[in-house]
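Residue-level structural notes
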Amino acid sequence: MLIRNVHIENDASATDVRIENSVFTCIAPFMEPHEHETVIDGAGALLLPPFVDSHVHLDTTLTAGQPEWNETGTLFDGIRIWSERKQTLSREDVLTRAEAAITMMAGNGIQFIRTHVDVTDPGLTALQALLELKEKVRDVADIQIVAFPQEGILSYPRGQALMMEAIRLGADAVGAIPHFEFNRDYGVESLKFIMDLAEQHGLLVDVHCDEIDDPSSRNLEVLATLAYERDMGPRVTASHTTALGSYNDAYACKLFRLLSMSGMNFVSNPLVNMHLGGRFDTYPKRRGLTRVKELTEAGINVSFGEDDIQDPWSPLGAGNMLDVVHMGVYAAQLMGYTQIKESYRYATHNGAHTLNLGDDYGIAVGRPANCILLDAPNFFDALNTHAVVLTNIREGRIIAQSHSPNTVVSCTF
Ligand code: 17E
Ligand code: FE2
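Below, the structure is looked at part by part. In this text the structure is predicted, and so the values were computed from the model without any measurement.

1. Focus on the site of ligand 1
Taken together, His57, Leu75, Phe148, Gln150, Ile177, His208, Glu211, His240, Asp307, Asp308 and Trp313 make up the full set of residues near ligand 1. Between ligand 1 and Gln150 there is a distance of 2.7 Å, counted from a nitrogen atom to a side-chain nitrogen or oxygen. Residue Glu211 places a side-chain N or O atom 2.7 Å away from a nitrogen atom belonging to ligand 1. Among the cavities detected, the one that contains ligand 1 is the largest cavity. Looking at the shell around ligand 1 residue by residue, the class counts come to four nonpolar, four polar and three charged.

In structure tokens form, the structure reads like this:
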């Protein structure tokens, strides 16, 4: 396959890209097609590595309104409503909804997904269904599964045993929710428990960490200390960390030293954090986001996730990382021209780093031929026009295509 006339990652000059045997084999301008070679005319559009959604819940997706709508918009009502919906889960129910979500995501150029799956369920129904789905959708997306204890590890009956069973069944990563445990000690203990598990089993770690507007929620320093002392930082992710947006600056300054030393990754979920955050404030009302800009400026890896696609936590969600990045640049005040143009990194390279994808990711000769063609010459324009993904290519195969909307305005002035 030959993709002609594309701008790779905002590069001002256009080039061609050749794919053979599922890998990129040549990147150079003005290549001539081989006989019988498939040719895609890029027409000066933007070629990016595929989008990475580094934080989403595929088990809860497309359940909004079941059994009730979350009218308060708090995290806690989301947990309560999901806890009821969870009682009715079946394998078919989870598979149908998660497949629909992955189909939406494929249409929007997402090929790498880290999903959290609630394991505070004695039957582990959702986990088993998603482990099955992970294999089924391999040709469309890579899925990493985090064993996520939504109702706590020490605060939920047999929470520790369920985490261990989830690992035995094949989870890729272990999660925790220290700010939701009954008390601070349980929070700390839960983090030690999962870091031990991850170390013993060679697993990744991704913690829902301090997702609360409470400046005294300080589990992040515990997780960072464990990651640093065990030399596990690059394999560990702190998701949400919205309390960091409420810490005082003196404490945050001291904490940033440790965060840098730890080498940990951060995930922010701008759509959902803006929606769930600040719910107990009247005015002034907090934005509910972690310190995305400051973490980035400190050289710490931050990636973005959609978190929810129409579920008890968020009624909206279309499986589109452009929505996430759009909200992210506004909410984190990353609105300088270069910041906007480079913001695709939060949903591409930074996500790949969080997921530990290594050399399997990126548009370079010798790497798997995964890429997406966006209907815009650069990412600044792509974000402004909400550009469609014209072609989604995975291992050299076209897996989704869209047409440019080409709206014609017929009124005259
Ligand atoms: N569960 C949780 O604890 N936090 C969230 N943001 C979601 C689920 C979506
Ligand atoms: Fe989440």
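Having seen it, we continue.
2. What about the coordination of the iron ion (ligand 2)?
On the protein side, the iron ion (ligand 2) has His55 (NE2), His57 (NE2), His208 (NE2) and Asp307 (OD) as donor atoms, found 2.1 to 2.4 Å from it. The coordination sphere of the iron ion (ligand 2) comprises four donor atoms, whose angles at the metal cover 85 to 178°; the geometry is irregular. Sequence spacing of the donors to the iron ion (ligand 2): H-x1-H-x150-H-x98-D. Taken together, the residues His57 in the loop between β5 (51-56) and α1 (75-85) and Asp307 in the loop between β12 (302-304) and α10 (321-331) connect sequence positions 250 residues apart.

3. A word on the sheet that holds β12
The sheet built from eight strands is open, its strands ordered β5-β6-β7-β8-β9-β10-β11-β12 with parallel pairing. Edge positions in the sheet fall to β5 and β12, since each has one partner strand and no second. Pairing analysis gives two bridges linking strand β8 (residues 173-174) to strand β9 (residues 204-209), with the strands arranged parallel. Within the sheet, the bridge partner assigned to Ala173 lies in β9 and is Leu204. Running at roughly 150° to strand β6 (residues 110-118), helix α2 (residues 91-107) makes contact with β5, β6 and β7 (142-148) of the sheet.

4. Observations concerning helix α5 (residues 184-201)
Under the 1.5 Å per step criterion, the end-to-end length of α5 is 26 Å for 18 residues, consistent within 8% with the ideal 26 Å. Summarising the contacts, the buried residues of α5 are in contact with α4 (159-169), β8, β9, α6 (219-229) and β10 (236-240). The N-cap of α5, judged by a side-chain oxygen 3.0 Å from the amide nitrogen of Asp185 a few residues on, is Asn183.

5. Some thoughts on unusual backbone geometry
As a rule of thumb, non-glycine residues mostly have phi less than zero, and peptide bonds are mostly trans rather than cis. Cis geometry marks the peptide bond from Gln66 to Pro67; its omega dihedral reads -5°. Tracing the backbone shows Pro67 in the loop between β5 and α1. A cis amide bond links Tyr283 to the next residue, Pro284, at an omega of -5°. With respect to the secondary-structure elements, Pro284 resides in the loop between α8 (270-276) and α9 (292-297). A positive phi angle, near 55°, is found at Gln310, a position not held by glycine.

Cut-offs used in this document
- Residues numbered from 1 in each chain as written.
- Chains lettered and ligands numbered in written order.
- Predicted model: local features only at pLDDT ≥ 70, side-chain atom pairs only at ≥ 80, totals over all residues.
- Heavy atoms only, no water.
- Near = heavy atom within 4 Å.
- Polar contact = N/O pair within 3.5 Å; in protein donor to acceptor, adjacent residues only side chain to side chain.
- 1 Å grid on protein atoms, 1.4 Å probe; cavity = no way out; pocket = protein on both sides within 12 Å on 5 of 7 lines; lining within 4 Å.
- Sits in = over half its atoms within 2 Å of the grid points.
- Nonpolar A, V, L, I, M, F, W, Y, C, P; charged D, E, K, R; others polar.
- Donors = N, O, S within 2.8 Å, 3.2 Å for Na, K, Ca; no water.
- Tetrahedral: all angles 85-135°; square planar, octahedral: opposite > 155°, others 65-115°.
- Helix = DSSP H or I, 4+ residues; strand = E, 2+ residues; numbered from the N terminus.
- Pairing = 2+ DSSP bridges.
- Contact = heavy atoms within 4.5 Å.
- Axes fitted to C-alpha atoms, helices over the stretch in contact; angles between N-to-C directions.
- Expected span 1.5 Å × (residues − 1).

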